[in-house]
Amino acid sequence: MTLTRPASEAADGGSPPRRPGPRRAVAVLVLAALATATPLLGPSAALHGTGEAAAPGVGVVALLRAVLFAALCVPLGELLAGRLVRSVPGTPPRLPRSWAPLAAAAGLLAALGLASVVATGNLMPRDLSGIDVGGLYASRDGKLALLEVNAFLIAALCARSDRPAARAWPLSAVVAAEALRAHPATEHAPLLGSGLTLVHLTCAALWAGGLLCVLRTLRLWGPVEPGAALLGLYARVAVVLLAAVSATGVWSTLRRMPPGTVLEQLTDTAYGRALLAKVLLVAVVAALALWARIRLSRGPDPLTACVPARVEVVALGLVVVVSGLLTALPLPIHW
C-alpha cells in the first residue's frame, strides 16, 4: 500500500483516483467529538465511587489542558520532523504547510482560559468582573499562568520564523511552566518532580507531534524512496522517546504512589483510574509502533508502515486528551 495511487493506473485505462468520500469527514467528526467529550465527561466516571471531590469546572480545565498539550505537540513535532528531513538525502523540496500558527493560537486561547480560572481563585469565572488579573502576580500559579500566556503569544509571532531556535524557546518556556506548576514547592523534592515532568512532556510532545508531521510529509511526497528513509529515521528516534516517556512516567508514578499502594490506587482513586487508562493507551501505541516497525523492515513497500502509523497518531491523540484529564483530577493520597 502506498500513500498515493500510482499515476500509471490512470494512464493504462484504470479507473480514476477516488476522491475522499464522506466516511473520512465522519471519522474526523467522531474523533473530534471523542476528544472533546473525554475530558468533559471523564471526571464523573473517574470519580465515581471513590469518595473524592473534584474542583469546580474540572471538565473544562481538563479540556483546556488537553488543548494546551496538543498545541505543544504540533510545533515541537514540526521542529523534530524538519530536522529529520534535513538528515535524509534527496528529499523532495515540498513540505506540508505548517500548522504551528494555528496551534499557537489554540494554545494561547487555552492558556488564557486557564489563567482566568486561576484569577478567580481556581473557580470557573461567571463574568469578567470576577476575574482578578492583578491577583495573578501575587501567587506562584498565577505567575506561571501568565508565563504560559506570554510564551504562546510569542510562539504565535515566531511561528513562521525560518530559525528553529526562535520557534523552540517560547515552547520550552511553556513546558517549563507546566513542569513547575505540576509540582508545587510544598511537595517533597519538587525540583526532581519538575525535572521528570519536563523530560516526560518534552519527549511525549516530540513523539506525538513528530509522527503527525512525518505522516503529513509522506502524504505530500507520495511513494518516493526518501519517504521510507524518513519514516525509518523517525522510528529510530521514537524508540528513544518512548523509553524516556516510559521511564519518567514510571518514576513520577512511584513518587506519587508508593510501590505498596500502586495497584490499589489505580482502581480506587480518580487519578489512578485516569493513569491506568493512559498506561493502557500507551501500551496500544507501543504495539502499533512495533507493528509499523516490522512492516517497515519486512514489507516489499516500506510505506505500508503508514497504515499502523496513522492509527498510532489517533491513539497518541487520545493519550494527550487523557493527560489533560489526569492533570485536572485530585492527586492521589500519599499513604
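The structure under discussion appears in the preceding block.
Below is a short write-up of the structure. (Residues numbered from 1 in each chain as written. Predicted model: local features only at pLDDT ≥ 70, side-chain atom pairs only at ≥ 80, totals over all residues. Heavy atoms only, no water.)

Turning our eyes to something else, we now look at the overall build of the protein. Secondary structure assignment for the protein yields 11 helices and 0 strands. Along the chain direction, N to C, the helices and strands of the protein fall in the order α-α-α-α-α-α-α-α-α-α-α. Just so you have it, the protein exposes about 17,300 Å², and 68% of that area is on carbon and sulfur atoms. (Helix = DSSP H or I, 4+ residues; strand = E, 2+ residues; numbered from the N terminus. Areas by Shrake-Rupley, 256 points an atom, 1.4 Å probe, with all protein chains shown as cover.)

The next subject is the pattern of salt bridges. Under the counting rule described, the total for this entry stands at 5 salt bridges. Here E178 ties to R65 by a salt bridge, and the two come within 2.9 Å at their closest N and O atoms. Here E178 is found in helix 6 (residues 164-181), whereas its partner R65 is found in helix 3 (residues 58-87), with 113 residues between them in sequence. Here R256 ties to E187 by a salt bridge, and the two come within 3.9 Å at their closest N and O atoms. Remark: E187 occurs in the loop between helix 6 and helix 7 (190-221) and R256 occurs in helix 8 (residues 225-256); sequence separation between them is 69 residues. Note on R256: relative accessible area 17%, which makes it buried. (Salt bridge = Lys/Arg side-chain N within 4 Å of Asp/Glu carboxyl O. Buried < 20%, exposed > 50% of the residue type's maximum accessible area, 1.4 Å probe, protein only.)

This brings us to the nonpolar core. By size, the foremost hydrophobic cluster in this structure holds 79 residues, and its most contacted members are L68, L72, F152, W207 and L230. If you tally residues by element for this core, the top one is helix 3, at 15 residues. Beyond its immediate sequence surroundings of up to four residues, L72 is in contact with F152, L171, V174, V175, L201 and A205. (Core = buried A, V, L, I, M, F, W, Y, C linked by side-chain atoms within 4.5 Å. Contact = heavy atoms within 4.5 Å.)

With that settled, the discussion passes to the environment of A185. By secondary structure assignment, the location of A185 is in the loop between helix 6 and helix 7. Along the chain, A185 and R140 lie 45 residues apart, while their C-alpha atoms are 9.4 Å from each other.

How two aromatic rings sit relative to each other is set out by the distance from centre to centre and by the angle between their planes. Overall, the coordinates contain 0 aromatic pairs when judged by the stated rule. Sitting above the plane of the W99 ring, R216 keeps its charged end 3.7 Å from the centroid. (Phe/Tyr/Trp six-rings, centres within 6.5 Å; stacked < 30°, edge-to-face > 60°. Lys NZ or Arg CZ within 6 Å of the ring centre and 35° of its normal.)

Contact geometry of helix 7 with helix 8 gives a least axis separation of 8 Å together with a crossing angle of 155°. Put simply, helix 7 runs roughly antiparallel to helix 8. Handedness of the helix 7/helix 8 crossing: left-handed. Of the residues in the contact of helix 7 with helix 8, the class split is 21 nonpolar, 8 polar and 1 charged. (Axes fitted to C-alpha atoms, helices over the stretch in contact; angles between N-to-C directions. Parallel < 35°, antiparallel > 145°, perpendicular 65-115°, else oblique. Left-handed = near helix turned anticlockwise from the far one by under 90°. Nonpolar A, V, L, I, M, F, W, Y, C, P; charged D, E, K, R; others polar.)

We now examine the packing of helix 4 (residues 100-119) against helix 5 (residues 140-157). The contact between helix 4 and helix 5 brings their axes to 9 Å, and the two run at 165°. Our classification of the angle between helix 4 and helix 5 gives roughly antiparallel. The crossing of helix 4 and helix 5 is left-handed. Of helix 5, the residues touching helix 4 (which contributes A104, G107, L108, A111, L112, A115 and V118) are D141, G142, A145, E148, V149, F152, L153, A155 and A156. The residue makeup of the contact of helix 4 with helix 5, split by class, is 12 nonpolar, 2 polar and 2 charged.

Let us look at the side chain of T197. On the secondary structure map, T197 appears in helix 7. Take T197: its relative accessible area is 18%, and that puts it in the buried class. The contact partners of T197, leaving out residues within four places of it in the chain, are A179 and H183.

As for its position among the elements, A309 is in helix 11 (residues 306-328). Judged by relative accessible area, A309 falls into the buried class, the value being 3%. Between the alpha carbons of A309 and A292 there is a distance of 6.1 Å; along the sequence they are 17 residues apart. Residue contacts for A309: discarding those within four places in its chain leaves L211, L215 and A292.

The next subject is unusual backbone geometry. For residues besides glycine, phi is generally negative; the peptide bonds are generally trans as well. Positive phi, close to 50°, is recorded for A189, a residue that is not glycine. On the secondary structure map, A189 appears in the loop between helix 6 and helix 7. Judged by relative accessible area, A189 falls into the partly exposed class, the value being 32%.

Once that is clear, we can look at helix 4. In a regular helix each residue adds 1.5 Å, so 20 residues correspond to 28 Å; helix 4 covers 28 Å between its end C-alpha atoms and thus fits that length. G121 sits one or two positions beyond helix 4 and adopts a positive phi of about 75°. (Expected span 1.5 Å × (residues − 1).)

Here H183 lies in the loop between helix 6 and helix 7. The class of H183 is buried, set by a relative accessible area of 3%. In this structure the side chain of H183 is engaged in a polar contact, spanning 3.0 Å, whose partner is the backbone oxygen of G193. (Polar contact = N/O pair within 3.5 Å; in protein donor to acceptor, adjacent residues only side chain to side chain.)

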